[in-house]
Amino acid sequence: KMLKNLNNISINCQSSIKISDGLTIYFDPYDIKEKINNADYIFITHSHWDHFDLDSINNLVNEKTIIIGPSSVIEKLDSNYKTLEVKPENIYNLNNISFMTVPAYNIDKEYHPKDAGYVGYIVTLNNVTYYIAGDTDVLDELKVIKADVIFLPVGGTYTMTREEAVELANTIKPKYAIPIHYGLAVGDELDAKYFVNNIDKEIESKIFY
């Protein structure tokens, strides 16, 4: 089964991604204004304000929602929430979903140190595999990822640049590659357009916001 048109994906800004395919899953929800409370799972990559937004989380959670994140996120949530603390480079199985964590860190800057344990996620849902990078540079550990749909930051400064994101997408060779992490703190739509226009032609791409 392959996605025909990515209609099950929406992005409202930055790295705030929603994927619904049987389950409703959010990644780094940010600036969610309405009380929707429909999340089955909320995955948080790290604790920075534009990825960990408690107001948005509270507009999405219900009594069944599980919030998944590294220790820096989980320690900020009180015991009312159902949580799963994760570390990089592990495989996790929940009742109706399995996922892997991959490292997310900077190599030549200090914003996202390796020892903080921040993560990206590879989630398989109905035989489609999604890789959500979080905030990271291009790492050797990421070049071996296999995924159908990948979401890569393109804004630079805190993460890989748009040029580096293109290179990583062309290395992973997914079916779809989607630019994220621009237009809020750093980067703009030109970075997204650069990414879409420069990745290999056999990789489909789309600008969502």
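Residues numbered from 1 in each chain as written. Predicted model: local features only at pLDDT ≥ 70, side-chain atom pairs only at ≥ 80, totals over all residues. Heavy atoms only, no water.

## Some remarks on the sheet that holds strand β10 (residues 128-132)
Consideration 1: Overall, mixed pairing links the 7 strands, which are arranged β7-β8-β9-β10-β11-β12-β13 in an open sheet. Whereas interior strands pair on both sides, the edge strands pair on one side only; in this sheet they are β7 (91-94) and β13 (204-205).
Consideration 2: Bridge analysis of strand β12 (residues 176-180) against β13 gives 2 bridges, and the strand direction is parallel. Across the sheet, Y176 pairs through a bridge with E204, a residue of β13.
Consideration 3: Against the sheet, helix α3 (residues 162-172) touches β10, β11 (149-153) and β12, its axis set at about 160 degrees to β11.
Consideration 4: Strands in contact with helix α4 (residues 189-198) are β11, β12 and β13; relative to β12, the strand with the most contacts, it is inclined by about 165 degrees. (Pairing = 2+ DSSP bridges. Helix = DSSP H or I, 4+ residues; strand = E, 2+ residues; numbered from the N terminus. Contact = heavy atoms within 4.5 Å. Axes fitted to C-alpha atoms, helices over the stretch in contact; angles between N-to-C directions.)

## Notes on α3
Consideration 1: What α3 keeps buried is the set A165, V166, L168, A169, N170 and I172.
Consideration 2: Packing partners of the buried residues in α3 comprise β10, β11, β12 and α4.
Consideration 3: Just past α3, the residue K173 takes up positive phi, approximately 55 degrees. (Buried < 20%, exposed > 50% of the residue type's maximum accessible area, 1.4 Å probe, protein only.)

## Some thoughts on the pattern of salt bridges
Where side chains of opposite charge bring their charged atoms close, a pairing between them can arise.
Consideration 1: In total, this model carries 8 salt bridges according to the counting rule given.
Consideration 2: The residue D140 makes a salt bridge to K143 at a minimum N-O spacing of 3.5 Å.
Consideration 3: With a closest N to O distance of 3.3 Å, R162 and D191 form a salt bridge. Taken together, the residues R162 in helix α3 and D191 in helix α4 connect sequence positions 29 residues apart.
Consideration 4: For D191, a relative accessible area of 12% puts it in the buried group.
Consideration 5: Linked through salt bridges whose partners overlap, the residues forming this network are D108, K109 and D137. (Salt bridge = Lys/Arg side-chain N within 4 Å of Asp/Glu carboxyl O.)

## Comments concerning the nonpolar core
Consideration 1: If you look at the biggest cluster of nonpolar residues, it comprises 29 residues, and the most contacted ones within it are I9, F27, F43, Y121, Y130 and F151.
Consideration 2: Examining the composition of this core, we find that 4 residues originate from one element, strand β9 (residues 119-125), more than from any other.
Consideration 3: By size, the runner-up hydrophobic cluster in this structure holds 24 residues, among which are V102, I145, L152 and A169. (Core = buried A, V, L, I, M, F, W, Y, C linked by side-chain atoms within 4.5 Å.)

## A few points about α4
Consideration 1: Three or more residues of α4 are buried, namely D191, A192 and F195. Mapping the buried residues of α4 onto a view down its axis gives an arc of 100 degrees, with all of them on the same face. Exposed and oriented more than 90 degrees from the buried face of α4 are L190 and N197.
Consideration 2: Looking at the buried residues of α4, the elements they touch are β11, α3, β12 and β13.
Consideration 3: Measuring from the side-chain oxygen of the N-cap residue of α4 to the backbone nitrogen of L190 gives 2.9 Å; that N-cap residue is D188. (Arc of directions from axis to C-beta. Polar contact = N/O pair within 3.5 Å; in protein donor to acceptor, adjacent residues only side chain to side chain.)

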